[in-house]
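# Structure at a glance
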Amino acid sequence: MKSKSIILTGCLLGIFVVFWLVSTLITPLSVEHGELVSAAKYMAQGMMPYEAFSLQETPMGVGIWSLLYRVVGIEASSYWATGLLVLVHLLNGALLWKLMLRLGVEKAFALFGLLFYGLLVYSSDGLMLNLEPMAVSFLLGSSLLILQRNTKSLVWASLCYALALGCKAQAIVLLPVLTVMVLWKGNHNHFRLEKGLLFAVLALGIAAAGFMGISFITQQAEWAEGLFPMQEMKLFQTWKSVLFYKFEYVVIQGGRCSLFFLLALPWVWKNLSVHGKRCVCWAFLALCCYLVLFYFQIKVSHGMLVYPWVVLALVHILQSLSNKYIVTALGIAVLIAPGLLTFREFQKLEGGQVKAAQQEELAALKGIIQKPGKVLVHFGDCAEYELGPQIFAELPQLHPMDAMDVMADADYIILTEAGFSELSYSEDSDAFFECISERKSYGTGSYMVYVREDDL
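Residues numbered from 1 in each chain as written. Predicted model: local features only at pLDDT ≥ 70, side-chain atom pairs only at ≥ 80, totals over all residues. Heavy atoms only, no water.

## Remarks on the overall build of the protein
- What the protein contains, in helices and strands, is 18 helices and five strands.
- Counting every position in the protein, which comprises 456 residues, the buried fraction comes to 53%.
- Looking at the protein as shown, the accessible area adds up to about 21,600 Å², and 65% of this sits on carbon and sulfur atoms. (Helix = DSSP H or I, 4+ residues; strand = E, 2+ residues; numbered from the N terminus. Buried < 20%, exposed > 50% of the residue type's maximum accessible area, 1.4 Å probe, protein only. Areas by Shrake-Rupley, 256 points an atom, 1.4 Å probe, with all protein chains shown as cover.)

Set out below in structure tokens:
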């Protein structure tokens, strides 16, 4: 019976992995993809973050991508970064698999846990380029090292957690979870206070040293201001409306994770193994720590940081149920919400039509912009897969200019219709029209491109 369950869940997981890979092939470049890859290519050219270009992230994750582009060249497609991200997702699955087996989860339930984890990640902007998966890799690595029984492994676990902070500063909220894992481990119910303090002090010390090193190298201390952006309050908003928004987001994320499975705890607690009880406690703590992020501007991808602990709690609860029909029913029920959200994310791709249109416009821009030069852009607000910062990721020879008052120095001016309208009615409208009158104009569908005559 167990072998049949392993085969069935293994086949479902294999189908989902193929589905993810196919989805990746038809996924267009997201706005965040453009921002991160363009930053990685600038770093690959030796430019300093926070000095030569802005970056509202800790630089380590972007630095990993910059190493990739040092190898393949900055002219390579930004989809190389997508390929690396897919490998990171696969690595996270392998690490979570090893962690589940290490904590006493049977293989059939571990395979189901990977399927559930994959649906959670896919539905949380998993197809878009973001830094959370890299942070999760180091969090899972740290967790596995914590479960070893020696001080040397604990030191390496502290380093891994510090690297997770280097990839995504929001991982700081998971420090209590990993510290409790250090305090409460082994086959006996006793706390190891000195080990917990050692882990926390080492991890924070290494991270602090790294962040101070960034400030010293860049000679900028302001780089950290954008790591935890506050939720902006508009004048017409009240605290009630903001709290309602936060509550609504909590409900959505709770539904995504199918947290109703925790309602089974009163009936299954006594049947849980020692590892199972600890995993449930860790999951509760992780969810409570995750709520801290709601004080700031939170993104759906931040949920990836806590999904591994939710999965650990779920598989242990399923494993503790004695009735196979209840196990099957609960297993199907928890897949419904993330499955529907995954299908919704897949629908956004429109069968690859969005990517095809985006690539066609990028090809048109590449045909117009033949030489390196300074560029002034006016995109306006771009969401998800709207073309904007991706231009710099695909055309690294362009160097963006921030100030409108140096418009005349720009080799290229790229404007959307909204940007053209805004500049036409601005106080700089006379200078704007004079500037573009001296340039040759091209249209690419969404953009107007103005090029110096001597750059043609």
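From this point on, the discussion continues.
## A closer look at the pattern of salt bridges
- In the structure shown here, the tally under the stated rule is five salt bridges.
- The closest approach of N and O atoms between R344 and E345, which form a salt bridge, is 3.6 Å.
- The class for R344 is partly exposed, based on a relative accessible area of 41%.
- As a salt-bridge pair, E394 and K366 come within 3.3 Å of each other at their nearest N and O atoms. Of the two residues, E394 sits in helix α16 (residues 390–394) while K366 sits in helix α15 (residues 353–368), which places them 28 residues apart along the sequence.
- The exposure class of K366 is partly exposed, given its relative accessible area of 35%. (Salt bridge = Lys/Arg side-chain N within 4 Å of Asp/Glu carboxyl O.)

## Considerations on the environment of L159
- Mapped onto the secondary structure, L159 falls in helix α7 (residues 151–167).
- Overall, L159 belongs to the partly exposed group, its relative accessible area being 28%.
- Through-space distance from the C-alpha of L159 to that of S142 is 7.9 Å; in sequence the pair is 17 residues apart.

## With respect to helix α14 (residues 324–348)
- For α14, spanning 25 residues, the distance from its first C-alpha to its last is 37 Å, which sits close to the expected 36 Å at 1.5 Å a residue.
- Residue I336 marks the point of greatest curvature in α14, where the axis turns by about 35°; the proline P338 follows within four residues.
- For α14, the full list of buried residues reads V327, L330, G331, V334, L335, P338, L341, T342 and E345.
- Taking the backbone nitrogen of Y325 as reference, a side-chain oxygen 2.8 Å away marks N323 as the first, capping residue of α14.
- Looking one or two residues beyond α14, the residue adopting positive phi is E350, at roughly 50°. (Expected span 1.5 Å × (residues − 1). Bend = angle between axes of the 7 residues up to and from the residue. Polar contact = N/O pair within 3.5 Å; in protein donor to acceptor, adjacent residues only side chain to side chain.)

## Examining the nonpolar core
- In terms of nonpolar packing, the biggest core is built from 130 residues, with W309 and I391 touching the most fellow members.
- By residue number, the principal contributor to this core is helix α5 (residues 107–126), which donates 12 residues.
- In contact with I391, not counting residues within four places along its chain, are L362, L365, F379, L398, I414 and Y447.
- By size, the runner-up hydrophobic cluster in this structure holds 10 residues, among which are A410, I413, L423 and Y450. (Core = buried A, V, L, I, M, F, W, Y, C linked by side-chain atoms within 4.5 Å. Contact = heavy atoms within 4.5 Å.)

## With respect to the pairing of strand β5 (residues 447–452)
- Two elements, strand β3 (residues 412–416) and β5, share five bridges in a ladder whose sense is antiparallel. Note that in β5 the partner of L415 across the bridge is M448.
- Summarising the sheet, strand β4 (residues 439–443) and β5 pair through five bridges and their orientation is antiparallel. Looking at β5, one finds that R439 is bridged to R452.
- Connecting β4 to the next strand, β5, in antiparallel fashion are three residues, including G445 with a positive phi near 110°. (Pairing = 2+ DSSP bridges.)

## Examining the sheet that holds strand β1 (residues 373–378)
- Spatially, β2-β1-β3-β5-β4 is the arrangement adopted by the five strands of the open sheet, whose pairing is mixed. Either end of the sheet is taken by a strand with one partner, and the two such strands are β2 (398–400) and β4. Across the sheet, the axes of successive neighbouring strands diverge by a mean angle of 30°, strand direction being ignored. (Axes fitted to C-alpha atoms, helices over the stretch in contact; angles between N-to-C directions.)

## Re the packing of helix α6 (residues 132–146) against helix α8 (residues 175–183)
- Interhelical geometry of α6 versus α8 gives an angle of 15° and a closest axis separation of 10 Å. Put simply, α6 runs roughly parallel to α8. Seen along the crossing, α6 lies across α8 with a hand that is right-handed. For the pair α6 and α8, the contacting residues are L139, S142, S143 and I146 in the first and L178, M181 and V182 in the second.
- Across the contact of α6 with α8, the residue classes break down as five nonpolar, two polar and no charged. (Parallel < 35°, antiparallel > 145°, perpendicular 65-115°, else oblique. Left-handed = near helix turned anticlockwise from the far one by under 90°. Nonpolar A, V, L, I, M, F, W, Y, C, P; charged D, E, K, R; others polar.)

## Notes on unusual backbone geometry
- Here D125, not a glycine, exhibits a phi torsion of approximately 60°, which is positive.
- Tracing the backbone shows D125 in helix α5.
- For E350, which is not glycine, the phi torsion reads 50° and is therefore positive.
- Looking at where E350 falls in the secondary structure, it is placed in the loop between α14 and α15.

None of this, on its own, says anything about what the molecule does.
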